[in-house]
There are 2 protein chains.
Amino acid sequence: MNDTGQRFRGVMSPVLTPFNSDLTPSVPRFVKHCKWLIKQDVGLAIFGTNSEANSLSVAEKRSLLQALLDAGLQPSKMVPGTGTCALPDTIELTRHAVQAGCSGVLMLPPFYYKGVSDEGLFRSFARVIDSVSDDRLRIYLYHIPPVSQVPITLALIERLLKTFPKIIAGVKDSSGDWNNTAAMLREFQPQGFDVFAGTETILLKTMQGGGAGCITATGNVNPTAIVHLYKTWTSTDSESRQQALNATRAIFQKYPMIPAMKAAIAATSGDAVWGTVRPPLVELNGSEVTELVRELDVSGFSIPDAASLSGSAA
Amino acid sequence: MNDTGQRFRGVMSPVLTPFNSDLTPSVPRFVKHCKWLIKQDVGLAIFGTNSEANSLSVAEKRSLLQALLDAGLQPSKMVPGTGTCALPDTIELTRHAVQAGCSGVLMLPPFYYKGVSDEGLFRSFARVIDSVSDDRLRIYLYHIPPVSQVPITLALIERLLKTFPKIIAGVKDSSGDWNNTAAMLREFQPQGFDVFAGTETILLKTMQGGGAGCITATGNVNPTAIVHLYKTWTSTDSESRQQALNATRAIFQKYPMIPAMKAAIAATSGDAVWGTVRPPLVELNGSEVTELVRELDVSGFSIPDAASLSGSAA
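Note that the coordinates shown come from a computational prediction; the quantities given were computed from them, not determined experimentally. (Residues numbered from 1 in each chain as written. Chains lettered and ligands numbered in written order. Predicted model: local features only at pLDDT ≥ 70, side-chain atom pairs only at ≥ 80, totals over all residues. Heavy atoms only, no water.)

Caption draft 1: Seen up close, the overall build of chain A. If you tally the helices and strands in chain A, you get 12 helices and 7 strands. For 314 residues, the compact-globule estimate of 2.2 N^0.38 gives 20 Å, and chain A sits close to it at 18 Å. Along the first, second and third principal axes, the C-alpha atoms of chain A reach 50 × 45 × 40 Å. When each of the 314 residues of chain A is scored for burial, the buried share is 62%. The long-range share in chain A, meaning contacts at least 24 apart out of those at least 6 apart in sequence, stands at 74%. Surface summary for chain A: the accessible area is close to 11,100 Å², and the carbon and sulfur share equals 52%. Of the charged side chains in chain A, 28 are positive and 28 negative, and the gap between their average positions amounts to 4 Å. (Helix = DSSP H or I, 4+ residues; strand = E, 2+ residues; numbered from the N terminus. Rg over C-alpha atoms; globule rule 2.2 N^0.38 Å. Buried < 20%, exposed > 50% of the residue type's maximum accessible area, 1.4 Å probe, protein only. Contact = heavy atoms within 4.5 Å. Areas by Shrake-Rupley, 256 points an atom, 1.4 Å probe, with all protein chains shown as cover. Lys, Arg positive; Asp, Glu negative; His and termini not counted. Charge placed at Lys NZ, Arg CZ, Asp CG, Glu CD.)

Caption draft 2: Here's a closer look at the interface of chain A and chain B. Taken residue by residue, the interface counts 42 residues in chain A and 42 residues in chain B. Of the roughly 3,200 Å² buried at the junction of chain A and chain B (both faces included), carbon and sulfur atoms supply 64%. Three residues stand out in chain A for area buried against chain B, namely Tyr112(A), Tyr113(A) and Pro280(A), and they jointly supply 25% of the buried area on that side. For the pair chain A and chain B, the number of links is 2 salt bridges. As a salt-bridge pair, Glu283(B) and Arg123(A) come within 2.8 Å of each other at their nearest N and O atoms. Our count for the chain A to chain B interface comes out at 14 residue pairs in polar contact (both at pLDDT 80 or more). Here the residues of the side of chain A that touches chain B are counted per class, giving 22 nonpolar, 10 polar and 10 charged. (Buried area = accessible area lost by both parts, 1.4 Å probe. Salt bridge = Lys/Arg side-chain N within 4 Å of Asp/Glu carboxyl O. Polar contact = N/O pair within 3.5 Å; in protein donor to acceptor, adjacent residues only side chain to side chain. Nonpolar A, V, L, I, M, F, W, Y, C, P; charged D, E, K, R; others polar.)

Caption draft 3: Geometry of the sheet that holds strand E3 (residues 105–107) of chain A. Pairing is parallel across the open sheet formed by 7 strands, whose spatial order is E2-E1-E7-E6-E5-E4-E3 (chain A). Because the sheet does not close on itself, it has two edges, and the strands there are strand E2 (43–44) and E3 of chain A. (Pairing = 2+ DSSP bridges.)

Caption draft 4: Quick peek at the nonpolar core. By size, the foremost hydrophobic cluster in this structure holds 213 residues, and its most contacted members are Leu141(A), Phe252(A), Leu292(A), Leu141(B), Phe252(B) and Leu292(B). Excluding residues that lie within four positions of it along the chain, Leu292(A) makes contacts with Ile251(A), Phe252(A), Tyr255(A), Ala260(A), Ala263(A), Ala264(A) and Leu284(A). (Core = buried A, V, L, I, M, F, W, Y, C linked by side-chain atoms within 4.5 Å.)

Caption draft 5: Up close: empty space enclosed by the protein. By the definition in use, this model includes 7 cavities of 30 Å³ or more. Its boundaries defined by the atoms lining it, the largest cavity holds a volume of some 240 Å³. Surrounding the largest cavity, 21 residues form its lining, Thr84(A), Asp89(A), Thr84(B), Cys85(B) and Asp89(B) being those nearest its centre. When contributions to the lining of the largest cavity are tallied by element, the ones reaching two or more residues are helix H2 (58–70) of chain A together with helix H2 (58–70) of chain B. (1 Å grid on protein atoms, 1.4 Å probe; cavity = no way out; pocket = protein on both sides within 12 Å on 5 of 7 lines; lining within 4 Å. Points joined across faces, edges and corners; volume = space filled by probe spheres on them.)

Caption draft 6: Geometry of helix H10 (residues 238–252) of chain A. All names here are of chain A. When the terminal C-alpha atoms of H10 are compared, their 22 Å separation across 15 residues agrees well with the 21 Å that a helix rising 1.5 Å per residue should span. Residues of H10 that are buried include every one of Ser238, Arg241, Gln242, Leu245, Thr248, Arg249, Ile251 and Phe252, and no others. For H10, the elements touching its buried residues are helix H8 (203–208), helix H9 (223–231), helix H11 (257–269) and helix H12 (286–299). (Expected span 1.5 Å × (residues − 1).)

Caption draft 7: Region of interest: the pattern of salt bridges. Per the stated rule, a full pass over the model turns up 33 salt bridges over all chains. As a salt-bridge pair, Glu52(B) and Lys262(B) come within 2.7 Å of each other at their nearest N and O atoms. Highlighted residues: Glu52(B) in the loop between strand E2 (43–44) and H2 and Lys262(B) in helix H11 (residues 257–269), separated in sequence by 210 residues. A single burial state applies to Glu52(B) and to Lys262(B), both of which are buried. Among the ionic pairs, Glu295(B) bridges to Lys254(B), the shortest N-O distance being 2.3 Å. In this pair, Glu295(B) sits in helix H12 (residues 286–299) while Lys254(B) sits in the loop between helix H10 (238–252) and H11, placing the two residues 41 residues apart along the sequence. Residue classification places Glu295(B) among the buried positions, given a relative accessible area of 12%. Its relative accessible area of 56% is what places Lys254(B) among the exposed residues. Overlapping salt bridges bring together Glu119(A), Arg123(A), Arg159(A) and Glu283(B) as one network.

Caption draft 8: Focus on the packing of H2(B) against helix H3 (residues 87–99) of chain B. Residue and element names in this part refer to chain B. Look at H2 against H3: their axes get within 11 Å of each other, and the N-to-C directions meet at 5°. When the axis of H2 is compared with that of H3, the two are roughly parallel. Of the residues in H3, those in contact with Val58, Lys61, Arg62, Leu65 and Gln66 of H2 are Asp89, Glu92, Leu93, His96 and Ala97. Within the contact of H2 with H3, the residues separate by chemical class into 4 nonpolar, 2 polar and 4 charged. (Axes fitted to C-alpha atoms, helices over the stretch in contact; angles between N-to-C directions. Parallel < 35°, antiparallel > 145°, perpendicular 65-115°, else oblique.)

Listed below in C-alpha cells is the structure:
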C-alpha cells in the first residue's frame, strides 16, 4: 500500500510482437516499436494477449525482454505478461521480470482448465508469489474472460489483496463489462489497487471513477491521442476526444485486431514484414488491407511517425 | 494410409501425473502407474487433459517421457500429448516424441486465442509437420471444445487428411457430441483415419461404427473392464457391460474427475501423496473422499491391484 507513488500509471500497451517471415520474433523491430511507444509516453505491457504472447515460448519471452534491457530501455516502464497455463512457466517468467527490475507483471490465471474454483486460482497465485519470494514483486491481475474463459472474480481479488496487500498491485479489466470495472473501482481502488481499463473506450469513465489508466491494444497504433486524453481527462472537451478514440478503435475492430494493427503498421511504415502473424492467427488479405487503410485515411487517422517503425536495421 | 496395421488401437488412457507434496512430478509413481497400465493392456496417452499436462512445463514433459524410456517402457505404446498454445513448444515436444519412437502424438490445437479460423489452425498444424519433418510422425488430432474452446472441425480434418494423408492418423473426439463422432466415423475412418472415442461411455457405439477404440480418463482406474469391452464388443452381453462401465464413470463424475481419480488411487493404494494435484486444481476434501470411496464400494468397483501403485520407491 505504501509504494503506490512508484507504480506506473497512465497508458500501457500490450506491445505487438513483430515476426520475421520465418515466424521468428524480429528483435530489432520489437526494440524499435518499444522505443517508439516510450517516446509516446506509453508503458510497455509486453507479452499481453495482443502481443501474441501465448504463441511464444518461455525462452522467446525471456530473450525479447533481455533485448529491451540490452537496448537500454527502462524496466520501470515495463509490465510483462507472465501468466501461463503451467505453474513452473509462470514462476520462471515472473522471477525473470522481477529480477530484471520490471515495474510489475501482468498475470493471467492458468487458463487451460475451465470451471476451476477461486480456491484453486488463489493457490496458483499464492504459489507463484511464494516461489518468486521477492519483495519487489508487483502483480497486476489480468481479467479477460472472453479469451481466457477463466475469470478473476471480485471475491478472489479481495482474498488476494488481504493476503498479499503489498504485492497485489492492480488489475487489467478486459471483461467488457463496465459494471465489473465500476465494482473494482469502488471496492478496491481506494485500497491502492490500481484499476486499468482493458480498452481506451472506457478510459474517461475509468479516470472519473478514480482509476489508474488503461492497458490497450490500440496503444500500439494510436498512442498520442490516448495518452492525451489520459493526461487531460478533466478538461471540458474530454468527452468528444473519447468519442474520437472510440471511432478509431472501431475501424480496427472491424477486423481481427492483431492482424489489423500489424497491417496498418506495415502499410504506413512501408515495411511489409510487419504484417506477419504467427499461427493460429492469419494476416489480413490484400483487399482487407486496402479497405482498412482507406477507412483510416477517410477518418483522418494516421500512425504518428510510422516511418520510424520500419525495417530490421537496429 | 499404408501403415495402419502398425498403429495403436484399443484403449488408451491420458495418464494421471502423480505429484509429490511439493508439487514436483513424482517420477517413480508415474513410472509405476504407466507399467500398471501397460500390464492392463492400456496404451499411454501421457500428457493429456487428465494428466494435468497443461500445468506442466516443456522440460517437465520431456523428462517424464525420458523416465519412461529409461525404465524400459515401449514407445510403441505411447501417444504423448504435444499440442500447446505456442508453436515452438508444440514443435519441440512433437520432435522429442517422434525421435523417442512414440507411436504417435495427440495434438491439441493452439488454444489461447479464440474464434480463430480453420485456415489459421491448418497453418499451425502444417507448420508443426513441416518443422518436425520426420516420416515417422503420426498425429492424432485432439478435439475437446468444452475445454480447449477451439474446435477441430470436420472441414479442417478433411483438409489436413488431404494434405498430409500419411501423417494425420486419427482423432480423439471429446466433444461429447455423438453426432460429431458418428460423422467422423462415417467420413474419415474408411480412409484409415482412426477415430477414438474420448470417453468409454460411447466405446461400444464407436466400435460398432468402425472406430479404433477410446482414449479415456477412467482408464486410469477402471482399465480391466474397459479393455475387456474393447476386446469383446461383438459378444452378446456387451451392452450390459457398457452400462456397467457407465455406472462406474458416473460415480467419478460426481466430482472433478482428476482429483477424484487421484483420491481413489490414494485411498485404495494407501499412498496419500497420490491425492496431490497441481493448482488450479484442488484435491477432494476429507468428506468427499469418504463419500467417493463408499460409493465405489457399494457399486462393487475396485481398482485392480491398487497396492502396486503405492509409494515412491522405484
